[in-house]
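Survey of secondary and tertiary structure
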Amino acid sequence: MGGDLRTSHLGQEVTLFGWVDSRRDHGGVIFVDLRDRTGLVQIVFEPETSPEAHQAADRLRGEYAVGIRGFVRARGEGLANPRLATGEIEVAVRQLEVYNAARPLPFPLDDDGVDENLRLTHRYLELRGKRLTGALAARHRIMQQMRRYLDDRGFLEIETPILTKSTPEGARDYLVPSRVHPGEFFALPQSPQIFKQILMVGGQDRYFQIARCFRDEDLRADRQPEFTQLDCELSWTSQDQILELFEGLMAHLIHASVGANVSAPIPRMSWLDAMNRYGSDKPDTRFGLELCDLTDATRGCSFQVFSGAPVVKGLRVPGGAQRISRSQIDALTDFVRKFGAKGLAYVKVGDPSGPVAKNLAEAELATIVAAAAAEPGDLLFFGAGEWGQVVDVLGRLRLKLGQDLGLIPQGLWNLLWVVDFPMFEYDATEGRLYAMHHPFTSARPSDLPVLARWAAHLDEGGTLTPEAIAELTAVKANAYDMVLNGVELGGGSIRIHQAEVQQQAFRLLGLTPDEIKTKFGFMIEAFTYGTPPHGGIAFGLDRLCMLLSGVPAIRDVIAFPKTQQARDLMAAAPGGVDDKQLKELHVRTVVEG
RNA sequence: GGGGUUGUAGUUCAGUUGGUUAGAAUGCGGCCCUGUCAAGGCCGAGGUCGCGGGUUCGAGCCCCGUCAACCCCGCCA
C-alpha cells in the first residue's frame, strides 16, 4: 500500500488507492499526499508525465477517494521529506480516477480538540484519523496475541449465546422480548459465566472467548453498556495454575504492545492488605503514600473525633506542610465529602497551632506522629470512623494526592494480583449478603462447614443472625483480581463444582429454594453428572487496550462507542419502532410525561 | 437520581463593567504560480452567540429553565 513504498520500489509501476490528505497546487505541478491505512505517500501530477492527469488533479480536494497509476521515483536532491516514512520517494501519476468526491469535512481529521459530539456523529470520518486507526490496529494485534497464546496452550475458542436468560444479582439486564413466547424475555449476557462453566461440565476443558457483554448501568470513561471480555475457563486446575497462565499472557501482551518487560511472577497482595495499605481493592502501586493505622495511637486521646471512632487511619504526605496550601486542603476536604467523609482532619507535623493539633495534648500528638513515622514538615491527614469508610476515603485521597503532586511515575506497568477476597459482603440496609465476586465462587475448603451450617440454619427457617454475619463475612473466597497501574483489568475464581455447595451459596445469598430451581436448576442439575473442578478468569479487553494504547477512555479503542447517555450519535440509536413491531412482540410502551 | 465543566463562523478559540457594524487563526470558494510537503501570494464568502423565557432603554455577557457532549458520585455480582 502507499504508506509502505520505499526506495526499494524505485521504478516500479504501482496502483494506489486512498484519500487526498492534502493538495499543494503550484499551477504547473500539483503535489498530493495520498493517505491510506498505512500512511502517506506524495503523488505528483505534472504535464510532462500526463497532461490529462495533471488537468484532472486540478479539481481534487481534501478527502476525495481516488485511485492512481504511476511509477515510483526518487525525489530530487534535497527534496526528501524526513518526516514521512515514504519521504525518500514519490509517485509520478500517469492516470487518475476519482471514485468519490468529498464535501468539506465538518472537522479536521486528527484534531483532538474537536467537540466529541461532532466526532461521534461523524465517526466514519474520525476513524480515518491516525488516532483511531492506530488504536484499532493495536486492539487487533492484542486480540491476535491473545488467541495465539491461548491456542498454543490448548484452549478452544467457543461462542456462547447472546440471547440468554436474565439471572438475579449483578447489573441491570438488557432485555429482548420474545415474539414467539408472549410476555417472555431474553436477556443479553452480562458475561458468559454460566455457559462457560457448563462448557466445563461438557468436557471442553480449556475454553476462551472474546465475548461481548452487556450491562445496563450508567457509563464512565472506562465503562460502556456493551464491552468486550477475554473470557476463559479451565478444568482440573488450581488458583496457582490460573495465576501463572494469565500473568504469562499479560506479560506477553504488554511486551508485544509497548515493549515493556514485566517479570513474572507478578506480586500478590491479599485483599485485606490492599485495603489497609492503599484503601482500594485495586491499588496503584506505582507510588507510595501508603495509609497507616493510628487506631491504637489515638485510643483514649482527648480529641473526641478520634477517640470515639472504631478506626483511625492516617495518610502522611512527606513535606506536605509546605507543598499543600490551605486552599488546597479545603479543596481536598470538598473532595472527600463526595465519598461520605464528614471532614478532613490534618496536622502539619511540628506545628501545634492547627485545628486538630490544638485538640490534642502534646504527648498524644507525639504518639500519633511517631505511629505515622512522620517528620517535621510532613502533612498528616486523618480518617476516623468505620473501617470500610475510612480506608475508602483515604484511598481516594491517596490517589488524588498522587496525581495532584505528580507522584505517579509514567512508563511503569505495575501488575498485581489481589487475592484472598472475602466471599460475602453484608448490606445492612437490605439485611442480606452479596457475593463479592459472584455466586459461583468457591470458598476455602476450611470454610465449607461454615457455609453448610448457616445454609442449613436458613433452611430450617432461621435468619441471618449477627453471629452468622460475622462468621460468613469472614469466609475467604478462592477469587483473584488482576490490577494494572490501579485499574482492575480482570478477575476470576475457582468455582463451586458441587451441586450441594452451590445450593448453599445461593441460599446464603437469600435465594429461596424455588428461585434456585427456576433460575439455576439446569446448572445445579449439571453439577450432579460428574462435574470437573474448574475455574477461570475474565479480562476487560477495552480497558486493557485503553491502557496499552495510552488513551484516556475506552471510547477511544471502540470503533462505534456510545455517549454517556448510552446513545449512538451516528446511528441515532436507540430509536422508536413501529407499532406493528411492538404488537408482534407483545410489548406496550408507557412513556411518562 | 445527584454534583461539576463546556456550548460564539465549517473547526479551534477571543470577545473588557451589559453599550454602535461580534473578531482572529484555520478551513472553504475564486484567481495566480513547475518542487512543495501544514506550500505561497492576492481577493472573497461565511454567525439563530446551543434552545426557550426573563431582567434592562439595551444581553454573546446578568437571572431562570432546558438540551447536548464530557468528568465525577450513586450504580456497575
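Preceding this paragraph is the structure being described.
Residues numbered from 1 in each chain as written. Chains lettered and ligands numbered in written order. Predicted model: local features only at pLDDT ≥ 70, side-chain atom pairs only at ≥ 80, totals over all residues. Heavy atoms only, no water.

Before going further, it helps to spend a moment on the overall build of chain A. Helix and strand counts for chain A come out as 19 helices and 21 strands. Along the longest, intermediate and shortest principal axes, the C-alpha atoms of chain A span 95 × 70 × 55 Å. In chain A, buried positions account for 46% of the 593 residues. Just so you have it, chain A exposes about 29400 Å², and 51% of that area is on carbon and sulfur atoms. (Helix = DSSP H or I, 4+ residues; strand = E, 2+ residues; numbered from the N terminus. Buried < 20%, exposed > 50% of the residue type's maximum accessible area, 1.4 Å probe, protein only. Areas by Shrake-Rupley, 256 points an atom, 1.4 Å probe, with all protein chains shown as cover.)

Turning our eyes to something else, we now look at the sheet that holds strand β21 (residues 534–540). With mixed pairing, eight strands are arranged side by side in an open sheet as β6-β9-β10-β21-β20-β19-β16-β11. Single-partner strands in this sheet number two, and they are β6 (156–157) and β11 (268–270). Pairing of strand β10 (residues 226–235) with β21, which is carried by seven bridges, proceeds in the antiparallel orientation. Bridge pairing in β21 links Gln229 to Gly540. On the sheet, helix α18 (residues 541–549) packs against β9 (206–214), β10, β19 (479–484), β20 (487–494) and β21 and is oriented at approximately 140° with respect to β20. (Pairing = 2+ DSSP bridges. Contact = heavy atoms within 4.5 Å. Axes fitted to C-alpha atoms, helices over the stretch in contact; angles between N-to-C directions.)

Here the focus is a nonpolar patch on the surface. Together, Tyr124, Phe560 and Met570 line one region of the surface with nonpolar side chains, adding up to about 290 Å² of accessible area. Tracing the chain through its elements places Phe560 in the loop between α18 and α19 (579–584). On the basis of relative accessible area, Phe560 is assigned to the partly exposed category, the value being 44%. (Patch = residues over 30% accessible without salt bridge, like charges linked within 9 Å, V, L, I, M, F, W, Y side chains within 5 Å. Salt bridge = Lys/Arg side-chain N within 4 Å of Asp/Glu carboxyl O.)

A few words on the sheet that holds strand β15 (residues 379–385). Hydrogen bonds between backbone atoms are what pair the strands of a sheet, whose relative direction is either parallel or antiparallel. The four strands lie next to each other as β12-β13-β15-β14, forming an open sheet whose pairing is antiparallel. Edge positions in the sheet fall to β12 (291–293) and β14 (345–348), since each has one partner strand and no second. Each neighbouring strand pair of the sheet contributes to a mean axis angle of 30°, computed without reference to strand direction. Here strand β13 (residues 311–317) runs beside β15; their pairing, made up of seven bridges, is antiparallel. Considered in β15, the bridge of Lys313 is made with Gly383. Against the sheet, helix α13 (residues 387–404) touches β12, β13 and β15, its axis set at about 10° to β13.

This next bit is on the nonpolar core. Core analysis: the biggest nonpolar cluster contains 60 residues, and Ile324, Phe381, Leu397, Leu401 and Leu472 have the highest contact counts within it. When residues of this core are assigned to their parent elements, the largest contribution, six residues, is made by α13. Those residues in contact with Leu397 that sit more than four places away from it in its chain are Leu315, Leu332, Phe335, Val336, Leu344 and Phe381. If you look at the next biggest cluster of nonpolar residues, it comprises 45 residues, including Ile254, Trp417, Leu489 and Leu547. (Core = buried A, V, L, I, M, F, W, Y, C linked by side-chain atoms within 4.5 Å.)

Another aspect to go through is helix α14 (residues 448–459). Over its 12 residues, α14 extends 16 Å from the first C-alpha to the last, a length consistent with the 16 Å expected when each residue adds 1.5 Å. For α14, the full list of buried residues reads Val450, Leu451, Trp454, Ala455 and Leu458. Down the axis of α14, the sector holding all buried residues measures 120°, keeping them to one side. Check the buried side of α14 and you find it contacts β17 (424–427), α15 (466–473) and α16 (499–508). Trailing α14 by a residue or two, Gly461 shows a phi angle of about 90°, which is positive. (Expected span 1.5 Å × (residues − 1). Arc of directions from axis to C-beta.)

Summed over all chains, the structure comprises 38 salt bridges. Taking the shortest distance from any N to any O, the salt bridge between Asp392 and Arg396 comes out at 3.1 Å. Taken together, the residues span about one helical turn, with Asp392 and Arg396 both in helix α13 at a distance of four residues. Residue classification places Asp392 among the partly exposed positions, given a relative accessible area of 23%. Beyond isolated ion pairs, a larger network of salt bridges with shared partners links Asp21, Arg35, Glu63 and Arg128.

Once that is clear, we can look at unusual backbone geometry. A cis amide bond links Ala264 to the next residue, Pro265, at an omega of 0°. For Pro265, the position within the fold is in the loop between α6 (239–258) and β11. In this chain, Ala573 is followed by Pro574 through a cis amide linkage whose omega measures 0°. Positive phi is not limited to glycine here, since Asp110 has a value of about 60°. Looking at the secondary structure, you find Asp110 in the loop between β5 (89–100) and α2 (116–121). Of note, the phi angle at Ala572 is positive, near 55°, even though the residue is not glycine. By the element assignment, Ala572 lies in the loop between α18 and α19. The exposed category is assigned to Ala572, whose relative accessible area is 54%.

Let us look at empty space enclosed by the protein. Overall, the coordinates contain three cavities of 30 Å³ or more when judged by the stated rule. What the largest cavity holds in volume is close to 90 Å³. Lining the largest cavity are Phe107, Pro108, Leu109, Asp110, Asp111, Asp112, Arg119, Leu125, Glu126, Gly129 and Arg131. Among the residues forming the lining of the largest cavity, the class breakdown is four nonpolar, one polar and six charged. Of the pockets and cavities examined, the second largest cavity occupies roughly 40 Å³. Taken together, Leu120, Arg123, Phe560, Pro561, Asp568, Leu569 and Met570 form the lining of the second largest cavity. Along the lines of polarity and charge, the residues of the lining of the second largest cavity split into five nonpolar, no polar and two charged. (1 Å grid on protein atoms, 1.4 Å probe; cavity = no way out; pocket = protein on both sides within 12 Å on 5 of 7 lines; lining within 4 Å. Points joined across faces, edges and corners; volume = space filled by probe spheres on them. Nonpolar A, V, L, I, M, F, W, Y, C, P; charged D, E, K, R; others polar.)

Not every one of the 51 residues close to RNA strand B is listed here, only the nearest: Leu79, Glu90, Asn117, Glu217 and His437. Atoms of RNA strand B within 4 Å of the protein belong to the sugar or the phosphate in 51% of instances, the rest to bases. The backbone of Gly27 places a nitrogen or oxygen atom 3.5 Å from a base nitrogen of RNA strand B. Between RNA strand B and Arg215 there is a distance of 3.1 Å, counted from a phosphate oxygen to a side-chain nitrogen or oxygen. Of the residues in the surface near RNA strand B, the class split is 16 nonpolar, 15 polar and 20 charged. (Near = heavy atom within 4 Å. Polar contact = N/O pair within 3.5 Å; in protein donor to acceptor, adjacent residues only side chain to side chain.)

We now examine the state of the cysteines. Counting across every chain of the model gives zero disulfides. With no disulfide of its own, Cys213 lies closest to Cys232 among cysteine sulfurs, the gap being 12 Å. No disulfide involves Cys301; its sulfur sits 14 Å from that of Cys292, the nearest cysteine. Overall, the relative accessible area of 7% leaves Cys301 in the buried class. (Disulfide = S-S within 2.5 Å.)

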